[in-house]
Amino acid sequence: MLYLHKVLTLTPTLASPLTPKQKLVWSLLSKGVSASAIANRLNTTRQFVNQTKLSAEAKLSTTLLDVAQANDLQVTKLYPKNGILLGYHPVLKRKAILTYSTNYGIKVWYWHNNPEEVTDPAFLNQVHQYLIDIAQDRCIEIDATNKLHPSRLAHQIFSKLIPELNT
């Protein structure tokens, strides 16, 4: 099961590496809005939207790799389009996921054997809100969000974003 291990307290640049325009374009593309529709909305060209997307994905890739290195993670797979890095912590012997959200920045998730043992309501609510944000950012439909423990909700969401989690 997945569980948010810690919230990184990073400099604003590292926690949210995208410029406001890149953040907007990346967010809209993540929600399935076409480059043409974004170009019309921003009164610009599709070429600008595509260049902004590529630049945003490059920044996210670099930032996710930097955070993985800072957390001693071995990188398994990088998904810049989704703002996700799958990794492994050799000392902790745990898989990890780094995620990027336009509202929350970068978070680090580690697998835990018994995440249901965490019962702090404030922490559980924070994690739940973050997961809902991730799902909404990426137009992922989820079932029974209020009834699921955040670790199960995380698995449901990340399984849709990371093909390796389904194997």
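Small disclaimer: the values here were computed from a predicted structure and weren't measured.

### Notes on the overall build of the protein
Part 1 of the argument: Check the secondary structure of the protein and you find six helices and five strands.
Part 2 of the argument: The linear arrangement of helices and strands in the protein, starting from the amino end, is β-α-α-α-α-β-β-β-β-α-α.
Part 3 of the argument: Out of the 167 residues belonging to the protein, those deemed buried represent 44%.
Part 4 of the argument: A separation of at least 24 residues holds for 53% of the contacts in the protein among residues at least 6 apart in sequence.
Part 5 of the argument: When the accessible area of the protein is evaluated, it comes to approximately 8,800 Å², of which 51% is carbon and sulfur surface.

### Quick word on the nonpolar core
Soluble globular proteins: nonpolar side chains tend toward being buried together.
Part 1 of the argument: By size, the foremost hydrophobic cluster in this structure holds 21 residues, and its most contacted members are Ile97, Trp109, Leu131, Ile157, Phe158, Leu161 and Ile162.
Part 2 of the argument: If you list the elements that add at least two residues to this core, you get strand S3 (84-89), strand S5 (105-111), helix H5 (121-137) and helix H6 (150-161).
Part 3 of the argument: The biggest single contributor to this core is H5, with six residues.
Part 4 of the argument: Formed by 15 residues, the second largest nonpolar core is a distinct cluster that contains Leu18, Trp26, Ala68 and Tyr100.

### Digging into the layout of surface pockets
Part 1 of the argument: A volume near 160 Å³ is recorded for the largest pocket.
Part 2 of the argument: Taken together, Trp26, Leu29, Ser30, Lys53, Glu57, Lys81, Asn82, Arg138 and Leu161 make up the lining of the largest pocket.
Part 3 of the argument: Contributions of two or more residues to the lining of the largest pocket are made by helix H2 (20-30) and helix H4 (46-70).
Part 4 of the argument: By residue number, the principal contributor to the lining of the largest pocket is H2, which donates three residues.

### Topic: unusual backbone geometry
Part 1 of the argument: Positive phi outside glycine occurs at Asn43, with the angle close to 55°.
Part 2 of the argument: Structurally, Asn43 is set in the loop between helix H3 (35-42) and H4.
Part 3 of the argument: Positive phi is not limited to glycine here, since Lys93 has a value of about 55°.
Part 4 of the argument: Along the chain, the position of Lys93 falls in the loop between S3 and strand S4 (94-101).

### A look at the pairing of strand S2 (residues 74-79)
Part 1 of the argument: For S2 and S3, the ladder comprises five bridges, and the chain directions are antiparallel. In the sheet register, Lys77 faces S3, and the bridge partner there is Leu86.
Part 2 of the argument: Linking S2 back to S3 in an antiparallel pair, the connection comprises four residues, with Gly83 at a positive phi of about 65°.

### Some details on the confidence of the model for the protein
Part 1 of the argument: In the predicted model, the protein carries a mean pLDDT of 85, and the fraction of residues at 70 or more is 89%.
Part 2 of the argument: This stretch, residues 3-12, has a pLDDT under 50; its non-local contacts, to residues over four places away or in other chains, come to 29 contacts.

### Some words on the packing of H3 against H4
Part 1 of the argument: Between H3 and H4, the least distance of the axes is 8 Å, while the angle of their chain directions is 110°. Considering their axes alone, H3 and H4 lie roughly perpendicular with respect to each other. When H3 is examined against H4, the residues Ala35, Ser36, Ile38 and Ala39 are found in contact with a partner set consisting of Arg46, Val49 and Asn50.

### Considering the packing of aromatic side chains
Within a pair of aromatic rings, the relevant descriptors are the distance that separates the centres and the angle that separates the planes.
Part 1 of the argument: Tallied over the entire structure, the rule returns four aromatic pairs.
Part 2 of the argument: Arranged with centres 5.2 Å apart and planes meeting at 80°, the rings of Tyr104 and Tyr130 form a pair that is edge-to-face. Linking Tyr104 in the loop between S4 and S5 with Tyr130 in helix H5, this pair joins segments that are 26 residues apart in sequence.
Part 3 of the argument: Under the relative-accessibility criterion, Tyr130 is labelled buried at 1%.
Part 4 of the argument: Ring centres 5.8 Å apart and planes at 35° place the aromatic pair Trp109 and Tyr130 in the tilted group. Taken as a pair, Trp109 in strand S5 and Tyr130 in helix H5 lie far apart in primary sequence, 21 residues in all.
Part 5 of the argument: Judged by its relative accessible area of 0%, Trp109 is buried.
Part 6 of the argument: The structure contains a cluster of three or more aromatic residues connected by ring pairs, namely Tyr104, Trp109, Tyr130 and Phe158.
Part 7 of the argument: Across the ring face of Trp111, the terminal group of Lys95 is positioned such that the distance to the ring centre comes to 5.5 Å.

Basis of the calculations
- Residues numbered from 1 in each chain as written.
- Predicted model: local features only at pLDDT ≥ 70, side-chain atom pairs only at ≥ 80, totals over all residues.
- Heavy atoms only, no water.
- Helix = DSSP H or I, 4+ residues; strand = E, 2+ residues; numbered from the N terminus.
- Buried < 20%, exposed > 50% of the residue type's maximum accessible area, 1.4 Å probe, protein only.
- Contact = heavy atoms within 4.5 Å.
- Areas by Shrake-Rupley, 256 points an atom, 1.4 Å probe, with all protein chains shown as cover.
- Core = buried A, V, L, I, M, F, W, Y, C linked by side-chain atoms within 4.5 Å.
- 1 Å grid on protein atoms, 1.4 Å probe; cavity = no way out; pocket = protein on both sides within 12 Å on 5 of 7 lines; lining within 4 Å.
- Points joined across faces, edges and corners; volume = space filled by probe spheres on them.
- Pairing = 2+ DSSP bridges.
- pLDDT = per-residue confidence, 0-100.
- Axes fitted to C-alpha atoms, helices over the stretch in contact; angles between N-to-C directions.
- Parallel < 35°, antiparallel > 145°, perpendicular 65-115°, else oblique.
- Phe/Tyr/Trp six-rings, centres within 6.5 Å; stacked < 30°, edge-to-face > 60°.
- Lys NZ or Arg CZ within 6 Å of the ring centre and 35° of its normal.

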